[in-house]
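Topology and contacts: notes
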Amino acid sequence: MADLLFKTRANTDPQGKPKVYFSAHPEDFHFLEPISKEILENSNCAVWYDSDPLAPCDIEAHLSRLDDMNLFVIPVTEKWLTSHSRSLSVEFEYAKERHIPILPI
(Lines give C-alpha, C1' and ligand atoms only; values in the text may rest on other atoms or scores of the structure.)
Protein backbone atom coordinates (compact mmCIF):
# COMPACT_ATOMS: atom_id res chain seq x y z
CA MET A 1 0.00 0.00 0.00
CA ALA A 2 1.26 3.46 -0.86
CA ASP A 3 1.78 5.91 1.94
CA LEU A 4 0.34 9.36 2.25
CA LEU A 5 3.00 12.04 2.19
CA PHE A 6 2.59 15.70 3.05
CA LYS A 7 3.94 19.14 2.30
CA THR A 8 3.88 22.00 4.79
CA ARG A 9 5.44 25.42 5.06
CA ALA A 10 9.14 24.98 5.81
CA ASN A 11 8.57 21.20 6.18
CA THR A 12 7.08 21.66 9.65
CA ASP A 13 5.09 19.06 11.56
CA PRO A 14 1.58 18.68 10.08
CA GLN A 15 -0.02 18.01 13.47
CA GLY A 16 -2.74 20.50 14.29
CA LYS A 17 -2.84 21.98 10.80
CA PRO A 18 -5.88 21.79 8.51
CA LYS A 19 -5.58 18.84 6.13
CA VAL A 20 -5.87 19.31 2.38
CA TYR A 21 -5.78 16.23 0.16
CA PHE A 22 -4.43 16.55 -3.38
CA SER A 23 -6.10 14.02 -5.66
CA ALA A 24 -5.40 13.70 -9.38
CA HIS A 25 -5.24 11.33 -12.29
CA PRO A 26 -1.79 9.67 -12.06
CA GLU A 27 -0.67 11.40 -15.28
CA ASP A 28 -1.64 14.76 -13.79
CA PHE A 29 0.53 14.54 -10.68
CA HIS A 30 2.90 17.11 -12.21
CA PHE A 31 0.33 19.65 -10.93
CA LEU A 32 1.13 18.72 -7.32
CA GLU A 33 4.11 21.05 -7.00
CA PRO A 34 2.58 24.27 -8.35
CA ILE A 35 -0.80 23.72 -6.70
CA SER A 36 0.62 22.78 -3.29
CA LYS A 37 3.03 25.73 -3.46
CA GLU A 38 0.16 28.14 -4.03
CA ILE A 39 -1.98 26.57 -1.31
CA LEU A 40 0.87 26.77 1.20
CA GLU A 41 1.61 30.40 0.30
CA ASN A 42 -1.98 31.24 1.21
CA SER A 43 -2.72 28.88 4.09
CA ASN A 44 -0.73 27.32 6.92
CA CYS A 45 -2.00 23.79 6.35
CA ALA A 46 -0.70 20.37 5.37
CA VAL A 47 -1.15 19.21 1.79
CA TRP A 48 -1.38 15.42 1.76
CA TYR A 49 -1.01 13.23 -1.32
CA ASP A 50 -0.64 9.59 -2.29
CA SER A 51 3.02 8.63 -2.69
CA ASP A 52 2.16 6.21 -5.52
CA PRO A 53 -1.29 6.68 -7.04
CA LEU A 54 -0.77 3.69 -9.34
CA ALA A 55 0.11 1.23 -6.58
CA PRO A 56 -2.54 -1.30 -5.60
CA CYS A 57 -4.04 -0.48 -2.26
CA ASP A 58 -6.53 -1.63 0.31
CA ILE A 59 -9.35 0.79 -0.51
CA GLU A 60 -10.93 0.59 2.96
CA ALA A 61 -7.63 1.46 4.68
CA HIS A 62 -6.92 4.20 2.14
CA LEU A 63 -10.31 5.81 2.65
CA SER A 64 -10.02 5.66 6.43
CA ARG A 65 -6.87 7.80 6.12
CA LEU A 66 -8.80 10.33 4.05
CA ASP A 67 -11.68 10.60 6.51
CA ASP A 68 -10.22 13.50 8.48
CA MET A 69 -9.25 15.64 5.47
CA ASN A 70 -10.78 19.12 5.50
CA LEU A 71 -10.63 19.70 1.74
CA PHE A 72 -9.93 17.77 -1.45
CA VAL A 73 -8.15 19.66 -4.24
CA ILE A 74 -8.50 18.07 -7.68
CA PRO A 75 -7.11 19.28 -10.99
CA VAL A 76 -9.95 18.53 -13.37
CA THR A 77 -8.33 17.63 -16.66
CA GLU A 78 -9.49 15.76 -19.73
CA LYS A 79 -7.60 12.68 -18.49
CA TRP A 80 -9.31 12.90 -15.10
CA LEU A 81 -12.73 13.17 -16.73
CA THR A 82 -12.27 10.49 -19.39
CA SER A 83 -9.89 7.87 -17.96
CA HIS A 84 -10.25 5.49 -15.07
CA SER A 85 -8.40 6.53 -11.94
CA ARG A 86 -8.69 6.00 -8.20
CA SER A 87 -8.94 9.78 -7.91
CA LEU A 88 -12.25 9.94 -9.77
CA SER A 89 -13.88 6.61 -9.03
CA VAL A 90 -12.89 6.30 -5.36
CA GLU A 91 -11.54 9.49 -3.78
CA PHE A 92 -13.86 12.00 -5.44
CA GLU A 93 -16.89 9.82 -4.73
CA TYR A 94 -15.79 9.36 -1.12
CA ALA A 95 -15.44 13.11 -0.58
CA LYS A 96 -18.92 13.67 -2.04
CA GLU A 97 -20.48 10.99 0.18
CA ARG A 98 -18.78 12.37 3.31
CA HIS A 99 -19.58 16.00 2.41
CA ILE A 100 -15.90 16.91 2.43
CA PRO A 101 -15.48 20.14 0.44
CA ILE A 102 -13.92 19.69 -3.01
CA LEU A 103 -11.99 22.42 -4.81
CA PRO A 104 -11.84 21.61 -8.53
CA ILE A 105 -8.98 23.34 -10.34
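Reference entry: report on the structure contained in this document. (Residues numbered from 1 in each chain as written. Predicted model: local features only at pLDDT ≥ 70, side-chain atom pairs only at ≥ 80, totals over all residues. Heavy atoms only, no water.)

So, about helix α1 (residues 32-42). Turning to α1, its buried residues number three or more, namely Leu32, Ile35, Ser36, Ile39 and Leu40. Across the axial projection of α1, the buried residues extend over an arc of 125°, all falling on one side. In α1, the exposed residues that point more than 90 degrees away from the buried face are Lys37, Glu38, Glu41 and Asn42. Where the residues of α1 are buried, they touch β1 (4-7), β2 (19-22), β3 (46-50) and β4 (71-74). (Buried < 20%, exposed > 50% of the residue type's maximum accessible area, 1.4 Å probe, protein only. Helix = DSSP H or I, 4+ residues; strand = E, 2+ residues; numbered from the N terminus. Arc of directions from axis to C-beta. Contact = heavy atoms within 4.5 Å.)

Let's shift gears to the environment of arginine 98. Summarising the element assignment, arginine 98 is placed in helix α4 (residues 86-98). For arginine 98, a relative accessible area of 47% gives the class partly exposed. It is 8.0 Å that separates the C-alpha atoms of arginine 98 and aspartate 67, two residues lying 31 residues apart in sequence.

The next subject is the packing of aromatic side chains. The tally for this structure, following the rule as stated, stands at four aromatic pairs. Aromatic side chains phenylalanine 6 and tryptophan 48 sit 5.0 Å apart centroid to centroid with 50° between the ring planes, which places their arrangement in the tilted category. With phenylalanine 6 in strand β1 and tryptophan 48 in strand β3, this residue pair connects regions lying 42 residues apart in the sequence. Residue classification places tryptophan 48 among the buried positions, given a relative accessible area of 15%. Taking 5.3 Å as the distance between ring centres and 85° as the angle between the ring planes, the aromatic pair formed by phenylalanine 22 and phenylalanine 29 counts as edge-to-face. An identical accessibility class is assigned to phenylalanine 22 and phenylalanine 29; each is buried. (Phe/Tyr/Trp six-rings, centres within 6.5 Å; stacked < 30°, edge-to-face > 60°.)

Let's shift gears to the packing of helix α2 (residues 59-66) against α4. Interhelical geometry of α2 versus α4 gives an angle of 50° and a closest axis separation of 10 Å. Considering the angle they form, α2 stands oblique to α4. Handedness of the α2/α4 crossing: right-handed. Note on element contacts: α4 touches α2 through Arg86, Val90, Glu91 and Tyr94, opposite Ile59, His62, Leu63 and Leu66. (Axes fitted to C-alpha atoms, helices over the stretch in contact; angles between N-to-C directions. Parallel < 35°, antiparallel > 145°, perpendicular 65-115°, else oblique. Left-handed = near helix turned anticlockwise from the far one by under 90°.)

Inspection of the secondary structure assignment puts tryptophan 80 in helix α3 (residues 78-82). Linking tryptophan 80 and histidine 25, residues 55 residues apart in sequence, is a C-alpha distance of 5.2 Å. Beyond its immediate stretch of four places on either side in the chain, tryptophan 80 contacts Ala24, His25, Asp28, Ile74, Pro75, Ser85, Ser87, Leu88 and Phe92. One polar contact links tryptophan 80 to serine 87, side chain to side chain, over a distance of 2.8 Å. (Polar contact = N/O pair within 3.5 Å; in protein donor to acceptor, adjacent residues only side chain to side chain.)

The values reported here are purely geometric and, on their own, carry no functional implication.
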